[in-house]
Amino acid sequence: MDSHVAQLQMQYRNYILSLYQQGFLDDQFTELKSLQDDGSPDFVAEVLSLFFDDCVKLVGNMARALDQTGTVDFSQVGANVHQLKGSSSSVGAKRVKGLCINFKELCEAKNYEGCVRCLQQVDIEYKTLKAKLQDMFNVSVIIVHMNPVSVWDDFNKIILGKE
Amino acid sequence: MSLFHVVEFCLKIGQLFWMLCCWLVSWLIDDKSPLPVGSVGDPDKTKMKKNHHHHNKMCFFWNKISTSGFKIPTFSLHPVRFGKNWWKKVVVAWVVLWVLISFWTFCYFSSQAMDKRKETLASMCDERARMLQDQFNVSMNHVQAMSILISTFHHAKFPSAIDQRTFSEYTDRTSFERPLTSGVAYAVRVLHSERKEFERQQGWIIRRMDSFEQKPVHKDEYNIEALEPSPVQKEYAPVIFAQDTVSHVISLDMLSGKEDRENVLRARKSGKGVLTAPFPLIKTNRLGVILTFAVYKRDLPSNATPKERIEATNGYLGGVFDIESLVENLLQQLASKQTILVNVYDTTNHSEPISMYGSDVSADGLEHVSPLNFGDPFRKHEMRCRFKQKPPWPVLTMVTSFCILVIALLIAHIFHATMSRIQRVEEDCHKMKLLKKKAEAADVAKSQFLATVSHEIRTPMNGVLGMLHMLMDTELDVTQQDYVRTAQASGKALVSLINEVLDQAKIESGKLELEEVRFDLRGILDDVLSLFSGKSQEKGLELAVYISDHVPEMLIGDPGRFRQILTNLMGNSIKFTEKGHIFVTVHLVEELLDSSDVETSTSTENTLSGLPVADRQRSWQKFKSFSSSGHRSFALAPSEINLIVSVEDTGVGIPVEAQSRIFTPFMQVGPSISRTHGGTGIGLSISKCLVGLMKGEIGFSSIPKVGSTFTFTAVFANGMHSSERKSELHNNNQPILSEFKGMKAVLVDHKPARGQVSRYHFQRLGIRVEIVSGVEQALRFTTTVNIILIEQEVWSKEADVFIKKLQKDPLVHSPKLFLLANSIDTSISDSLRNIIDPPVLIVKPLRASMLAATLQRGLGIGNSETSQQKGPPALILRNLLLGRKILIVDDNNVNLRVAAGALKKYGADVVCAESGVKAISLLKPPHEFDACFMDIQMPEMDGFEATRRIRDMEEEMNERNKTGESLTVEESNRTRWHLPVLAMTADVIQATHEECLKCGMDGYVSKPFEAEQLYREVSRFFSSPSDTES
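On a predicted model such as this, the values are computed, not experimentally measured, just so you know. (Residues numbered from 1 in each chain as written. Chains lettered and ligands numbered in written order. Predicted model: local features only at pLDDT ≥ 70, side-chain atom pairs only at ≥ 80, totals over all residues. Heavy atoms only, no water.)

A.B. asks: Sorry, what's going on with the overall build of chain B here?
C.D. replies: When helices and strands are tallied, chain B shows 34 helices and 29 strands. Scored against the burial criterion, the 1030 residues of chain B give a buried share of 46%. In chain B, the share of contacts with a sequence separation of at least 24, taken over all contacts with a separation of at least 6, comes to 73%. If you sum the accessible surface of chain B, you get close to 53400 Å²; carbon and sulfur atoms cover 56% of it. (Helix = DSSP H or I, 4+ residues; strand = E, 2+ residues; numbered from the N terminus. Buried < 20%, exposed > 50% of the residue type's maximum accessible area, 1.4 Å probe, protein only. Contact = heavy atoms within 4.5 Å. Areas by Shrake-Rupley, 256 points an atom, 1.4 Å probe, with all protein chains shown as cover.)

A.B. asks: What am I meant to see in the overall build of chain A here?
C.D. replies: Counting its secondary structure elements, chain A contains seven helices and zero strands. Secondary structure elements of chain A, listed N to C terminal, follow the sequence α-α-α-α-α-α-α. Split into buried and exposed, the 163 residues of chain A put 42% on the buried side. Restricting to contacts in chain A with at least 6 residues of sequence separation, those with at least 24 account for 62%. When the accessible surface of chain A is totalled, it reaches about 8700 Å², and 52% of it is carbon and sulfur.

A.B. asks: Help me understand the sheet that holds strand S26 (residues 909-913) of chain B, please; the structure alone is not making it clear to me.
C.D. replies: In a beta sheet, neighbouring strands are held together by backbone hydrogen bonds and run either parallel or antiparallel to one another. All names here are of chain B. What the five strands build is an open sheet, ordered S26-S25-S27-S28-S29; its pairing is parallel. Only two strands of the sheet have a single partner each, and these edge strands are S26 and strand S29 (1003-1006). Between one strand axis and the next, the sheet turns through 25 degrees on average, direction left out of account. When strand S27 (residues 931-935) meets strand S28 (residues 981-985), the two strands line up parallel, connected through four bridges. What sits directly across from Asp-935, in S28, is Met-984. (Pairing = 2+ DSSP bridges. Axes fitted to C-alpha atoms, helices over the stretch in contact; angles between N-to-C directions.)

A.B. asks: So what exactly am I meant to see when it comes to the interface of chain B and chain A here?
C.D. replies: In many reports, interface size means the accessible area that the parts give up when they come together. Taken residue by residue, the interface counts 17 residues in chain B and 21 residues in chain A. Summed over both sides, the interface of chain B with chain A buries roughly 1800 Å², with 57% coming from carbon and sulfur. The interface formed by chain B and chain A holds zero salt bridges in total. Counting only elements with at least two residues in the side of chain B that touches chain A, the list comes to helix H10 (395-473) and helix H28 (893-905) of chain B. Take the side of chain B that touches chain A: its biggest share by element is eight residues, from H28(B). A per-class count over the side of chain B that touches chain A returns seven nonpolar, five polar and five charged. (Buried area = accessible area lost by both parts, 1.4 Å probe. Salt bridge = Lys/Arg side-chain N within 4 Å of Asp/Glu carboxyl O. Nonpolar A, V, L, I, M, F, W, Y, C, P; charged D, E, K, R; others polar.)

A.B. asks: Quick question: what am I supposed to make of the side chain of B:Ser370 here?
C.D. replies: Residue and element names in this part refer to chain B. Topologically, Ser-370 is positioned in strand S11 (residues 368-372). Owing to a relative accessible area of 1%, Ser-370 belongs among the buried residues under this scheme. A distance of 2.6 Å separates a polar atom in the side chain of Ser-370 from a polar atom in the side chain of Asp-126. Leave out the neighbours within four places in its chain, and Ser-370 touches Cys-125, Asp-126, Ala-129, Glu-382 and Met-383. (Polar contact = N/O pair within 3.5 Å; in protein donor to acceptor, adjacent residues only side chain to side chain.)

A.B. asks: I tried to follow the sheet that holds strand S24 (residues 840-843) of chain B on my own but got confused; where do I start?
C.D. replies: All names here are of chain B. Within the open sheet, the five strands sit side by side as S21-S20-S22-S23-S24. Their pairing is parallel. Single-partner strands in this sheet number two, and they are strand S21 (768-772) and S24. Ignoring strand direction, the axes of neighbouring strands in this sheet form an average angle of 25 degrees. Strands in contact with helix H21 (residues 752-764) are strand S20 (744-748), S21, strand S22 (787-791), strand S23 (816-821) and S24; relative to S21, the strand with the most contacts, it is inclined by about 165 degrees.

A.B. asks: Would you mind going over unusual backbone geometry with me for this structure?
C.D. replies: Leaving glycine out, the prevailing phi sign among residues is negative, and the prevailing peptide bond configuration is trans. All names here are of chain B. Notably, Lys-695 is not glycine yet its phi reads approximately 60 degrees, a positive angle. Structurally, Lys-695 is set in the loop between helix H18 (683-693) and strand S18 (698-703). The phi torsion at Lys-705 lies on the positive side, around 75 degrees, for a residue other than glycine. Mapped onto the elements, Lys-705 comes out in the loop between S18 and strand S19 (707-718). For Lys-705, a relative accessible area of 78% puts it in the exposed group.

A.B. asks: What am I meant to see in the UniProt feature "modified residue: Phosphohistidine" (unreviewed entry) in chain A here?
C.D. replies: Taking the UniProt record as the reference, the feature "modified residue: Phosphohistidine" (unreviewed entry) is found at A:His82. Note on placement: A:His82 falls in helix H4 (residues 74-91). You can call A:His82 partly exposed: its relative accessible area is 24%. Ignoring sequence-local partners within four residues, the contact set of A:His82 consists of A:Lys104 and B:Gln937. (UniProt positions renumbered as here; feature names shortened; annotations may be inferred.)

A.B. asks: Sorry, what's going on with the packing of helix H3 (residues 86-155) of chain B against helix H9 (residues 323-333) of chain B here?
C.D. replies: All names here are of chain B. The contact between H3 and H9 brings their axes to 11 Å, and the two run at 125 degrees. The angle between H3 and H9 places the two elements in the oblique class. The hand of the H3/H9 crossing is right-handed. Residue-level inspection shows Arg-128, Met-131, Leu-132 and Gln-135 of H3 in contact with H9, the latter providing Val-327, Leu-330, Leu-331 and Gln-333. (Parallel < 35°, antiparallel > 145°, perpendicular 65-115°, else oblique. Left-handed = near helix turned anticlockwise from the far one by under 90°.)

As structure tokens, this is what we get:
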């Protein structure tokens, strides 16, 4: 059973590594993880869910702002982008952060086309990240919260659907 | 005759020179064809060749001289605009000119010689002519005198006083008076009517002369009787008297001879002496001239008419001049008759002059004609003189002109050789310049290539190293880990080598530029020291650093490069030192200069490890800024700091023969060095360049087997501008101070030098240190100090004493014991086990952070549980933040959570607020919070505004406190409200920072938090809880 857990841990680690390598995450995420301890066991999950909620809200705001016919309120979009940028840098969502920086510049330049395109990219990006982190999270939850034996059982149950 | 030869010779010489010139010219124009002009002078071809050969030889000779003898100075004669080969034309012109000059000289001198010759000839000729003429005149006068004698004694007397005998006798005896006459004779005028009477009187008949003249006979055969009697004539002139020499003419009728007749008739007509044309004389048959004077009956007046004269004629006196023999006699009397040839001519008939004397040798050559006047206006005579010999060859002239020519040619040759050499040198120089340019370009290309390649290698190497690092995190067995570690170490070595090469290339291509940033020198040195601490501990070396207090905390310069220099020097020292110490000192140059005498008198005992070292002073003796007169020569701007850094070691030293090339790139002491110690040998070269860029100098002194001391200077700008900033920085950079401030310590060390250095490090932490040399003395301090520091050496010797003392008299408030050791020696740790309260080991090198951490641990300052977990910043942060109540204000939920999480981790009690307004409501004084972290960019109310309002409220509260309106007793305890507010911002720009300060914020931290920075800021407001507790 132990070997299974080890294998699982290995996969988990590799998965995270791949996320780093592909540029989804940066060191700040590591920092974030290090902040999670016995006092706040769900810290990372909490923060991430906050972040993704934020993302939904802010992207929605921006989409509405850019969707308006006639004059587009770029300052409003800019404020939203700033928010998103701050959030993403706090959680270490590297790609989203990078896009936000670009977005902000486009916003300042009042480049409508660019903004729309960037918004779409941000939308795609944070959703991808969410999906990836969800997967990872699911695995980590299994590893952390179950004792080794039950981890495997649960894993089988949940992931593989075996008995 | 000789003139012709001379001219011919001259022409020949001229032709020769002309050929030579032609040849020279063609040679100058085209150096490649050494034998041109073949067909110009065929007869002289051989001569030409010979000459050419000679010239070649000479050329060779001169070349040899010019190549071996004197070096032509390579002055850069820029080619004058008027052609490259202008000097060749000059040479040709020169040669031609001098050929002409020498030719002219030759002509001039020869013509002068000719003139002189002519003059000599003329004077000689004239002299002869005059003498001849004089003697002739003398003779003539005498003959005339005789005619008078005859007219007086023969005709005027009767009977005559003269007969043949008397006459001949008289004439013989007076012949010396007439040197030119061979004889005189007197013929009387006889008319035909008187012929019979006269013939009877004389006893002979008058004979004619014609046949006699036509048939000249020998003297012996001459028979007067055989002559025919004179035919009948109108008158006769028979000779009656004659000198003995000519006695054969007696009785001959003078009028019958053609010459004589004419002569006689002319003489009696003119009454003067008259000469015949030269004719062969009777009997002797030699050429002669007859002079005839008429003898008159009475004395005629000078203007008498010819008729009267004929009437009055009585007879005729004739003198025979044997010109040939006479002239010969005359010339024999004169000197140098051999040199001159004399001819005398009768030129009465100009077309055919009659030679009277001399031989007709040749009609050519130099001739001088002198006229002769023999008193007969009808007859004209002249003397022609020539030299017997041809004129001598004008050797001197020839030699002179030839010498002139030779000298001129030599000069031309020298000039030509010089110029061609200069030209060659110039060409070479030009070529060299081109080559140099090429080489420089190649060098630049090389450097560029190196830079590019190094850079390109570095990038993938970083990938390799990163992956290796990750690989180490995976699960590997021992062997695999070993492999990975080896690979990583090799990779790192490669990267550092590439970095060095890149630096070298950058320096060589001049691309290296220094940064201008503020940095903490002490921090840098601590870093470098910790870098080498592992190695020094391994080797058991004493590694220490001492920075003078005069050196400012902050400097402006390039810390990275400064560090590189230090790392290079220390790396070398570590590499080559097996025992003893490595000691880095930093001073101000001024400081050293002022106290140079005291500072440098380092005796052997006074070094760190007690081993002798190379004299530090010697290493910077050669520095320009240190020259004896240069105390003030390096005028530095007041803000500039001139540092002098020495790295002293007790290693193997540098061999004397290698000392000169120590700073040359890729030069190591010997080939074996790189094998035994590794390294590329460009470290020092780079250091030298870097030092140069920092406006400093580097030098060293080294004694083999004793050690080396490298010293360099560097100029930095002072980073401490105002007193305000100073205090701020002080807070920033020496946060540890507060913990240990006021502590006292006693250091037991018998080596004063080492003690000083140790004390310096403790004093940096604010600990006052007393140095004693023995344990006994130290024990006296036990009640007054917090810390006892003991050198390892002292401990191993005197530990027992100390332990005994402690055991005997255990002090309640005993000071903590610390050991200063170079390495973690098992023997020491063994000995420590026996003691109840074992001393804490401080492993050298001493540096602020390490020292602080160790002291903290040893003294029990700080949280023991945290101290096990993390490194110093985290540990101290936890120390600082534990139990603090902190408010975080941020409109961004995520940020809020993260920041809160971070602070909570350090044990803080965190409250969150989502907006500025909420923050203000929470921050009404009296504060329940210890600090506030505030986001700047927030909707509704930004961080600045919120802070301003908080400050306003605080101000109001403080005012009330002052005026005694305090609400509670607790509040009045605190004299002043000031909540530390720190800005949280993502962009760390100076402007924002200043804005923060303006609004009353106390500092800023970047978002997301960095432990170091957070710690720096927080530590300014919170002192360690242990402090406050105690």
